[in-house]
Amino acid sequence: MVEYGLQWSSTGHKGLINCISFTEDGSYLASGSDDGHVLVWAMQDGSLLQRLKPKQGPVVTVKWFTGGPPHSEPTTKVCYLLSAGANGTVVIWRFNMTLALFEWVHMETVFDSAIECVTLDETHSVLAVATLGRIATYQLSKSNRLTMRLLQVHPPSSQSRLPSLPISAHFSDRGHTLMVAFLDSREIVAWDIMPWKQLWHQKIRTRIGSMAYHDGTKTFLVWNLIDGFDAYQLVDEPNNRLLHIRHFRVKIRRNRICQLQFDLDGKTVITGSDNGRVVVWDISTGKQLQVLHHSEELYGVQVVSYHALQFTKHYIASGSSDVGEEQSLLWLWSTEVPSTQLNRTEQESLTNNVPTPITCRHIAILLLIVLFFMGFISFQVYSRPSAYFRDGL
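Residues numbered from 1 in each chain as written. Predicted model: local features only at pLDDT ≥ 70, side-chain atom pairs only at ≥ 80, totals over all residues. Heavy atoms only, no water.

K.L.:
Before we move on, can you summarise the overall build of the protein chain with the specific residues and values?
P.N.:
Of the regular secondary structure elements, the protein chain holds three helices and 28 strands. Split into buried and exposed, the 393 residues of the protein chain put 49% on the buried side. Across the protein chain, contacts joining residues at least 24 apart in sequence account for 45% of those joining residues at least 6 apart. Surface accessibility of the protein chain: about 20,500 Å² in total, with carbon and sulfur atoms responsible for 53%. (Helix = DSSP H or I, 4+ residues; strand = E, 2+ residues; numbered from the N terminus. Buried < 20%, exposed > 50% of the residue type's maximum accessible area, 1.4 Å probe, protein only. Contact = heavy atoms within 4.5 Å. Areas by Shrake-Rupley, 256 points an atom, 1.4 Å probe, with all protein chains shown as cover.)

Spelled out as structure tokens, the structure:
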């Protein structure tokens, strides 16, 4: 494993940092906090680009997503930033990446209580939002004007809420299934999106502080609020069920919820802690691969986020969940994997993202044709005598 190194650290929030999100191209980072602000940072040097004030109380979730036709070129896509708050609202901005400007485009009051978790399936533009005892799904329309169309509320508003708190949500099965983890009921429940119906549910042996899911390996990670976190495997046959495969012991001083994040291929996991550390774990062995020291103080690191660029560049962002006299700390760690260390599938995918010589030759030919016609038009204009000289004075 190539180890992570600190790229930059910064301050800006005056409250606990609750969430972090990367843009798809790895240019910008957004963070949300109890101070009610969303801060946007430049990934390269950690400079503060924008301070957004969505006016929705503590910000519990931030997510970047893109618009535009499916499979369109990156230059034709539109970038959006979503924030969800404790007052039950979702706010969306359009981000002009060329001018680095934000434009407020939509606000939706989803619930009359605090939003607990949000997940987004970009393939089908479906947004799932959860609060105490209730889940709502929306269809995002990103054609001309961004809108949110309600698809489903479970249970319906006319019925009583579920007697449990949803703590994490993830899409699976190419966006057709929504899985939600509940804190005190110790359940993970899966629903089919269209039409809405429950597919399976299972109770696990501990409470669920947070949950991560990797669709490629069908692996769940659960922060158990006791002594660390556990890994479960989703077994399809004969029925969907969760099989406990490994326990990761973490020395806990305070009963804090910490986030869990898979890496790109689902082989390692990144966790926060209550002692100022970010830990990278090997899932197959249960061993710590690297410990990143977020702070010399024993600050809680509740939020971690991971992002990869074309298999070679990997980032970890972490935010402190303790605020004393100083402002909350945001740290960015990075590592670069040489292309020679990539497996064959990763190398082929990386090669496919690089312009081929044929494409470059086509561009050169097109430029030559344009220059030829420009020269031809100029020749016609300047070789024709003007009326002044033709007709005389």
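Here the narrative resumes.
K.L.:
Explain the pairing of strand S20 (residues 228–235) to me, using residue names and the numbers behind them.
P.N.:
In terms of burial, S20 is a largely internal element, six of the eight residues being buried. Here strand S19 (residues 219–223) pairs with S20 via five bridges, running antiparallel. What sits directly across from Val-222, in S20, is Asp-230. Between S19 and S20, which pair antiparallel in sequence order, lie four residues; one of them, Leu-225, sits at a positive phi of approximately 60°. Strand direction decides the pairing type here: S20 and strand S21 (residues 241–249), joined by eight bridges, are antiparallel. Paired with Phe-229 across the two strands is Phe-248, which belongs to S21. Here S20 hands over to S21 after five residues, the two strands then running antiparallel side by side. (Pairing = 2+ DSSP bridges.)

K.L.:
Can you lay out the packing of aromatic side chains for me, pointing to particular residues and giving the numbers?
P.N.:
One pair of aromatic rings is described through two measures. These are the centre distance and the angle between the planes. Summed over all chains, the structure comprises 15 aromatic pairs. On the basis of an interplanar angle of 20° and a centroid distance of 5.4 Å, the ring pair of Trp-191 and Trp-196 is categorised as stacked. Of the two residues, Trp-191 and Trp-196, both sit in the buried class. Where Trp-331 meets Trp-333, the ring centres are 5.4 Å apart and the plane angle is 15°; that geometry is what we call stacked. Owing to a relative accessible area of 14%, Trp-331 belongs among the buried residues under this scheme. (Phe/Tyr/Trp six-rings, centres within 6.5 Å; stacked < 30°, edge-to-face > 60°.)

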